[in-house]
Amino acid sequence: MGCVCLMACTQTQQLADDVARRSAKAAVSEALVTRFPTVPEAAVTPFTDCIIDNSTAREIGEFAKDAVIGTSETTVSLIRGVLARSETQTCVARQGFAALTAA
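Conventions adopted
Counting starts from 1 at the beginning of each chain's written sequence and moves along it residue by residue. For a predicted model such as this one, the threshold for reporting local features is a pLDDT of at least 70, and the threshold for listing and counting side-chain atom pairs is 80 or more; totals across whole chains, interfaces and linings nevertheless cover every residue. Hydrogen atoms and water are omitted, and side-chain values are computed over all heavy atoms in the structure. Each salt bridge in this description consists of a side-chain nitrogen of Lys or Arg and a carboxyl oxygen of Asp or Glu lying within 4 Å of one another. Working definition: helices are DSSP H or I runs of at least four residues, strands are E runs of at least two. Numbering for both runs from the N terminus. Throughout, exposure labels follow a simple rule: accessible area from a 1.4 Å probe, protein chains only, divided by the maximum for the residue type, with under 20% read as buried, over 50% as exposed, and the rest as partly exposed. The span expected for a helix works out to 1.5 Å for each residue beyond the first. Each direction from the helix axis to a C-beta atom contributes to the arc, which is the arc of those directions. In plain words, nonpolar cores are sets of buried Ala, Val, Leu, Ile, Met, Phe, Trp, Tyr and Cys residues tied together by side-chain atoms within 4.5 Å. Contacts are assigned to residue pairs that have any heavy atoms within 4.5 Å of one another. Whenever two N or O atoms come within 3.5 Å, that pair is a polar contact, provided that in protein one can donate a hydrogen and the other can accept it, and provided that, for residues adjacent in sequence, both atoms are side-chain atoms. Interaxial angles span 0 to 180 degrees and are taken between N-to-C directions of axes, which are lines fitted to C-alpha atoms, for helices over the stretch in contact. Take the far helix as your reference; a near helix turned counterclockwise from it by less than a right angle gives a left-handed crossing, and one turned clockwise gives a right-handed crossing. Three residue categories are used. Nonpolar comprises Ala, Val, Leu, Ile, Met, Phe, Trp, Tyr, Cys and Pro, charged comprises Asp, Glu, Lys and Arg, and polar comprises the others, including Gly. A pair of sulfur atoms, both from cysteines and within 2.5 Å, is called a disulfide here.

Visitor: What is the right way to look at the pattern of salt bridges in this model?
Guide: Counting across every chain of the model gives five salt bridges. In this structure, the salt-bridge partner of D53 is R21, at a minimum N-O distance of 2.7 Å. With D53 in helix 2 (residues 44-53) and R21 in helix 1 (residues 2-35), this pair connects stretches of sequence that are 32 residues apart. Since its relative accessible area comes to 29%, R21 is described here as partly exposed.

Visitor: Explanation requested: helix 3 (residues 57-69) in the structure shown.
Guide: One turn of the α-helix equals 3.6 residues, which is why residues spaced by three or four share an orientation. For helix 3, with 13 residues, the first-to-last C-alpha span of 18 Å sits near the 18 Å given by 1.5 Å per residue. Taken together, the buried positions of helix 3 are E59, I60, F63, A64 and D66. The buried residues of helix 3 occupy an angular sector of 155° when the element is viewed end-on, so they sit on one face. Exposed residues pointing more than 90 degrees away from the buried face of helix 3 are listed as A57, R58, V68 and I69. G70, located one to two residues past helix 3, shows a positive phi value of around 105°.

Visitor: Just checking my understanding: could you explain the nonpolar core for this structure?
Guide: Across soluble globular proteins, nonpolar side chains show a tendency to be buried alongside one another. V28, L32, V39, I51, F63 and I79 are the most contacted members of the largest nonpolar core, which totals 20 residues. Elements with a minimum of two residues in this core: helix 1, helix 2, helix 3, helix 4 (73-83) and helix 5 (86-102). Among residues more than four places away in sequence, those in contact with V39 are L32, V44 and F47.

Visitor: I tried to follow the side chain of E59 on my own but got confused; where do I start?
Guide: With respect to the helices and strands, the residue E59 is situated in helix 3. With relative accessibility at 5%, the residue E59 sits in the buried group. Polar side-chain contacts of E59 include one of 2.7 Å to the backbone nitrogen of T56. In contact with E59, other than residues within four places in its own chain, are N54, L78, V82 and R85.

Visitor: Any chance you could explain the packing of helix 3 against helix 4 here in plain terms?
Guide: In a packed pair of helices, the relevant descriptors are the angle between the two axes and the axis-to-axis distance. Orientation of helix 3 relative to helix 4, taken along the N-to-C sense of each, is 145°, at an axis distance of 11 Å. Helix 4 is crossed by helix 3, and the crossing has left-handed handedness. Together, R58, E59, E62, F63 and D66 of helix 3 and T75, L78, I79 and V82 of helix 4 make up the contact between the two elements. Looking at the contact of helix 3 with helix 4 residue by residue, the classes come out as four nonpolar, one polar and four charged.

Visitor: What is the right way to read the state of the cysteines from this model?
Guide: Put plainly, a disulfide is one covalent bond tying together the sulfur atoms of two cysteines. Within the structure shown, the criterion is met by one disulfide. Residue pairing for C50: its cysteine sulfur links by disulfide to C91, the two sulfurs lying 2.0 Å apart. Handedness here is read from the sign of the S-S torsion; for C50 and C91, about -75°, the answer is left-handed. With C50 in helix 2 and C91 in helix 5, this pair connects stretches of sequence that are 41 residues apart. Like C50, the residue C91 is buried in the burial classification.

The structure is reproduced here in structure tokens:
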């Protein structure tokens, strides 16, 4: 019985994480489109993926909250912080370039 409960808890947690990530992606995409005019339209999705993939759980929670209440300067600041990380910059350079050359 304990194993079944553990599996159910793990599945529930994974579902919650997936919902938070989808919501966070929506907020980050919106912020990129509306507040980062230098990001080409073709690169919004790859940039969003890189930002989410390099965000902490707390940051994803903040982005998910922004999907409900709307993006703000706090969202922009958080995005800038994640973009400043070397891992995010490497991802953006690789994925963003691929998106732009495929378009």
